[in-house]
Amino acid sequence: MSENKTGTPAEFKTNGTITGKGVVVTEQSSIDALSSRGYGVLEDKIFTLSFYESLYLLDKGLLEVRDNGLTLDFQALLHKSEENDENAWVNYLVYRDLRSRGYVVREGFGASIDFRIYERGTYGKDTAPYLILIIQEGKPVLVDDLLSAVQQCQSQKKELILAVMNRRGEIVHYSVGELHFPTVSEKQTI
């Protein structure tokens, strides 16, 4: 068995090759192990890990990434990721934070949802109860975009969680929903 960064035995270790969409893994036993844990997407018989998943697995010592025969370290993979997504570092930090809390994290959908998260033990058995929208301190967010995300979540009976990253890279999570005030009649005045 291989060992990860913390010195504990790793369950598996695999290799992948970088592409424009992420890191492609071809070994079937690794694909099975990764997909059962909520990693990657199988599309047209090609199993691809997103860049943030690849960074996470590389950091944990579970993945070796190659580019034209050269092995990439974390910084080189991050640089490649940033060529495709200017928010690669932020996405990775939020992804790592959620995974470290025990959630299975999958790619979001639509223009405003960054991630879907599953509680421990529910991945593959139920739909994701939470949708994540990443917000960075100092970067404005339009109220219309936030409202659209809330409405999208409510229409799917999901809970919207804002993952707010401050300038120091710390992440705070907030649950968001619509607030409805009861109508006040003349008899109910204070």
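Parameters and conventions
- Residues numbered from 1 in each chain as written.
- Predicted model: local features only at pLDDT ≥ 70, side-chain atom pairs only at ≥ 80, totals over all residues.
- Heavy atoms only, no water.
- Helix = DSSP H or I, 4+ residues; strand = E, 2+ residues; numbered from the N terminus.
- Buried < 20%, exposed > 50% of the residue type's maximum accessible area, 1.4 Å probe, protein only.
- Core = buried A, V, L, I, M, F, W, Y, C linked by side-chain atoms within 4.5 Å.
- Contact = heavy atoms within 4.5 Å.
- Pairing = 2+ DSSP bridges.
- Axes fitted to C-alpha atoms, helices over the stretch in contact; angles between N-to-C directions.
- pLDDT = per-residue confidence, 0-100.
- 1 Å grid on protein atoms, 1.4 Å probe; cavity = no way out; pocket = protein on both sides within 12 Å on 5 of 7 lines; lining within 4 Å.
- Points joined across faces, edges and corners; volume = space filled by probe spheres on them.
- Nonpolar A, V, L, I, M, F, W, Y, C, P; charged D, E, K, R; others polar.
- Expected span 1.5 Å × (residues − 1).

J.: Explain unusual backbone geometry to me, please; I cannot follow it from the model alone.
T.: Among all residues except glycine, the phi angle is most often negative; among peptide bonds, the trans geometry is most common. Its identity is not glycine, yet Asp44 carries a phi of approximately 55 degrees, on the positive side. Along the polypeptide, Asp44 turns up in the loop between strand S3 (41-43) and strand S4 (46-49). Taking the relative accessible area as the measure of exposure, Asp44 reaches 69% and is therefore exposed. In this model, Lys157 sits at a positive phi of 60 degrees, which is unusual for a non-glycine residue. If you trace the backbone, Lys157 turns up in the loop between helix H5 (143-155) and strand S10 (159-165).

J.: I keep staring at the nonpolar core and nothing clicks. Help me out?
T.: Core analysis: the largest hydrophobic core is formed by 39 residues, its most contacted members being Leu34, Leu49, Leu57, Leu77, Val94, Phe115 and Ile132. Here Leu77 is in contact with Ile18, Val23, Phe51, Ser54, Leu55, Leu58, Val65 and Leu72, once residues within four sequence places are set aside. The next biggest cluster of nonpolar side chains, apart from the first, holds nine residues, and it includes Ile113, Ala149, Leu160 and Leu162.

J.: Would you take a moment to explain the sheet that holds S4 for this structure?
T.: Within a sheet, adjacent strands bond to each other through the backbone by hydrogen bonds, running parallel or antiparallel. The six strands lie next to each other as S3-S4-S2-S1-S5-S6, forming an open sheet whose pairing is mixed. The sheet terminates laterally at S3 and strand S6 (70-72), the two strands that pair on one side only. Neighbour to neighbour, the strand axes of the sheet diverge by 40 degrees on average, direction disregarded. Strand direction decides the pairing type here: strand S2 (residues 23-25) and S4, joined by three bridges, are antiparallel. Note that in S4 the partner of Val25 across the bridge is Phe47. This element, helix H3 (residues 74-84), spans strand S1 (14-18), S2, strand S5 (63-67) and S6 of the sheet and lies at about 85 degrees to S6.

J.: I'm lost on the environment of Asp145 in this one. Help?
T.: Within the fold, Asp145 resides in helix H5. Of the residues examined, Asp145 reaches a relative accessible area of 42% and is grouped as partly exposed. For Asp145 and Ser112, which are 33 residues apart along the polypeptide, the C-alpha to C-alpha distance reads 7.2 Å.

J.: What is the right way to look at the confidence of the model for the protein chain in this model?
T.: Segments scoring low in pLDDT should not have their predicted coordinates read at a detailed level. In this model, the protein chain carries a mean pLDDT of 86, and residues with pLDDT of at least 70 account for 90%. The least confident element of the protein chain, judged by mean pLDDT, is H5 at 85; the most confident is helix H2 (residues 51-59) at 96. This stretch, residues 1-10, has a pLDDT under 50; its non-local contacts, to residues over four places away or in other chains, come to 15 contacts.

J.: What should I look at first to understand the environment of Trp89 in this one?
T.: Residue position: Trp89 is located in helix H4 (residues 88-100). Dropping the residues within four chain positions of it, Trp89 is found in contact with Phe74, Leu78 and Glu82.

J.: Honestly, the layout of surface pockets in this entry has me stumped. Any pointers?
T.: The gaps left among the atoms become clear once a water-sized probe is rolled over them. Within this model, the largest pocket holds a volume of roughly 660 Å³. The residue makeup of the lining of the largest pocket, split by class, is ten nonpolar, eight polar and nine charged. Considering only enclosed or pocket space, the second largest pocket measures out at about 420 Å³ in volume. Surrounding the second largest pocket, 18 residues form its lining, Asp114, Leu133, Ile134, Ile135 and Val141 being those nearest its centre. Broken down by secondary-structure element, the contributors of at least two residues to the lining of the second largest pocket are H4, strand S9 (130-136) and H5. By residue class, the composition of the lining of the second largest pocket is eight nonpolar, six polar and four charged.

J.: Would you mind showing me how to read H4 here?
T.: Along an α-helix, residues three or four apart share an orientation, since each turn contains 3.6 residues. Between its terminal C-alpha atoms H4 stretches 18 Å, which fits the 18 Å expected from 13 residues at 1.5 Å a residue. Taken across its 13 residues, H4 has ten buried, putting it largely inside the fold. Considered for burial, the residues of H4 that qualify are Ala88, Val90, Asn91, Tyr92, Leu93, Val94, Tyr95, Asp97, Leu98 and Arg99. Looking one or two residues beyond H4, the residue adopting positive phi is Gly102, at roughly 95 degrees.

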